[in-house]
Amino acid sequence: MGWLRDNALAVWLGVLLVSGVLLTVVLGYVGLVVTTALGSGAGAVGVLSGLAFPYLPIVAVLVVATVISGLGFSWSLLRRLSIPRSERLQSAAERVEREYPAIDGLGLSETVVPPEPSTEDALDDLKRRYVTGEIDETTFERKLDRLVANESVDDATAAREREAVLDERSSERSS
């Protein structure tokens, strides 16, 4: 499965090209037969009804294969492009996935997840909050000590998430 996921763009392009060429060949043959029959004076309805049974299922399968491979190729191409990442896009994608469960398997919300903040980003955010007056000096020093004491970005992120949950709970209790 790993190889297929890594080479999805090439696989979808290959299937798209093969199905598109086969569809073109079959439709060209049908067009040639109809043109030849009309040139010889045969009725168009009779010729088309004679071709419908053997070629209509083939054309239908090729059209479906071409459309699906075109969508797969487009999706693989879009996944490789640089997509903006933000919490707003992630929440919107999660809402769409909740509303339409069939979309959930595409991993849209995971595609737009913002990158984890670095320790420097957390420190800059903490400084900004202190300067703007969102937090007082003792809170700033406590959070700064915790941020400096954390050895990894994961610890800082976990602490930030815990604080957000605690802030939500305290605001729910007060209202």
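Residues numbered from 1 in each chain as written. Predicted model: local features only at pLDDT ≥ 70, side-chain atom pairs only at ≥ 80, totals over all residues. Heavy atoms only, no water.

### What about the side chain of Lys-143?
To be explicit about the condition: Elements are defined by DSSP. Helices are runs of H or I of four residues or more, strands are runs of E of two residues or more, and each kind is numbered from the N terminus. Between buried and exposed lies partly exposed: a residue is buried under 20% and exposed over 50% of the maximum accessible area for its type, with that area taken using a 1.4 Å probe on protein chains only.
Along the chain, the position of Lys-143 falls in helix H8 (residues 137–149). For Lys-143, a relative accessible area of 12% puts it in the buried group.

### A look at the confidence of the model for the chain
What counts is decided by this rule: One number per residue, pLDDT, summarises how confident the predictor is, and it ranges from 0 to 100.
Averaged over the chain, the pLDDT score is 79; the fraction of residues at 70 or greater is 85%. In the model of the chain, helix H9 (residues 153–174) stands out as the element of lowest mean pLDDT, 68, in contrast to helix H2 (residues 8–39), which has the highest, 87.

### Structural notes on the pattern of salt bridges
The criterion, for reference: Here a salt bridge means any side-chain nitrogen of Lys or Arg lying within 4 Å of a carboxyl oxygen belonging to Asp or Glu.
Counting across every chain of the model gives three salt bridges. One salt bridge in this structure joins Glu-134 and Arg-128, with 3.0 Å as the shortest N-O distance. Under the relative-accessibility criterion, Glu-134 is labelled partly exposed at 48%. Between Glu-134 and Arg-129 there is a salt bridge whose closest N-O contact spans 3.6 Å. Each member of the salt-bridge network shares a partner with another, and the members are Asp-125, Arg-128, Arg-129 and Glu-134.

### Notes on the layout of surface pockets
The condition is simple: Here a cavity denotes a set of grid points, spaced 1 Å apart and computed over the protein atoms alone, in which a 1.4 Å probe fits but from which it cannot get out, and a pocket denotes an open set meeting protein on both sides within 12 Å along at least five of seven lines; residues with an atom within 4 Å of a point are reported as lining. Grid points are joined across faces, edges and corners, and a volume is the space filled by probe spheres set on the points. Three residue categories are used. Nonpolar comprises Ala, Val, Leu, Ile, Met, Phe, Trp, Tyr, Cys and Pro, charged comprises Asp, Glu, Lys and Arg, and polar comprises the others, including Gly.
Put simply, the largest pocket is a space of about 430 Å³. What lines the largest pocket is a set of 16 residues, and nearest its centre among them are Arg-5, Ala-8, Trp-75, Ser-76 and Arg-79. Put simply, the parts of the chain that give the lining of the largest pocket at least two residues each are helix H1 (2–6), H2 and helix H3 (44–80). A total of five residues in the lining of the largest pocket trace back to one element, the largest contributor, which is H3. Residues belonging to the lining of the largest pocket are distributed by class as follows: eight nonpolar, four polar and four charged.

### Notes on the environment of Val-21
Examined against the element boundaries, Val-21 turns out to sit in helix H2. When the C-alpha atoms of Val-21 and Thr-66 are compared, they prove to be 9.4 Å apart, with 45 residues separating the residues in sequence.

### Section: the nonpolar core
Rules: Here, nonpolar core refers to any group of buried Ala, Val, Leu, Ile, Met, Phe, Trp, Tyr and Cys residues whose side-chain atoms link them within 4.5 Å.
Core analysis: the biggest nonpolar cluster contains five residues, these being Val-30, Val-34, Ala-37, Val-47 and Leu-51. Going through the elements one at a time, H2 and H3 are the ones with two or more residues in this core. The element best represented in this core is H2, accounting for three residues.

### Here's the deal with helix H4 (residues 87–99)
What counts, and what does not: By this rule, a helix spans an expected 1.5 Å times one less than how many residues it contains. The arc in question is formed by the directions pointing from the helix axis toward the C-beta atoms.
In a regular helix each residue adds 1.5 Å, so 13 residues correspond to 18 Å; H4 covers 18 Å between its end C-alpha atoms and thus fits that length. Listed in full, the buried residues belonging to H4 are Gln-90, Ala-93 and Glu-97. Down the axis, H4 shows its buried residues gathered within 65° of arc, on one side only. The exposed set on the far side of H4, more than 90 degrees from its buried face, consists of Arg-88, Arg-98 and Glu-99.

### Regarding the packing of aromatic side chains
Put simply, the rule is: Stacked, edge-to-face and tilted are the three classes for Phe, Tyr and Trp ring pairs, Trp counted by its six-membered ring, which pair at centre distances within 6.5 Å; planes under 30 degrees apart are stacked, over 60 edge-to-face, the rest tilted.
The final tally for this structure, using the stated rule, is two aromatic pairs. Seen in terms of ring centroids, Tyr-29 and Tyr-55 are 5.6 Å apart; in terms of plane orientation they differ by 50°. Their pairing is tilted. A residue pair is termed long-range when its members are at least 10 positions apart, and Tyr-29 in helix H2 and Tyr-55 in helix H3 qualify at 26 residues. Residue Tyr-55 is classed as partly exposed on the basis of its relative accessible area of 23%.

### A closer look at a negative patch on the surface
Basically, it comes down to this: Patches draw on residues past 30% relative accessible area with no salt bridge. Two like charges within 9 Å are joined, as are two nonpolar side chains (Val, Leu, Ile, Met, Phe, Trp, Tyr) within 5 Å. Only the protein chains shown count as cover for residues, and all accessible areas are computed by the Shrake-Rupley method using a 1.4 Å probe. Think of it this way: Lys and Arg go in the positive column, Asp and Glu in the negative one, and His and the chain ends go nowhere. Positions of charges follow a simple convention, taking NZ of Lys, CZ of Arg, CG of Asp or CD of Glu.
On the surface, Asp-136, Glu-137, Glu-141 and Asp-145 cluster together into a patch of negative charge. As for its position among the elements, Glu-141 is in helix H8.

### Some words on H2
Compared with an ideal rise of 1.5 Å per residue, which puts 32 residues at 46 Å, H2 spans 46 Å between its outermost C-alpha atoms and is within 8% of the ideal. Listing the buried residues of H2 in full gives Ala-8, Leu-9, Ser-19, Leu-23, Val-26, Val-30, Val-34 and Ala-37. Remark: Gly-41 follows H2 within two positions and exhibits a positive phi of approximately 95°.

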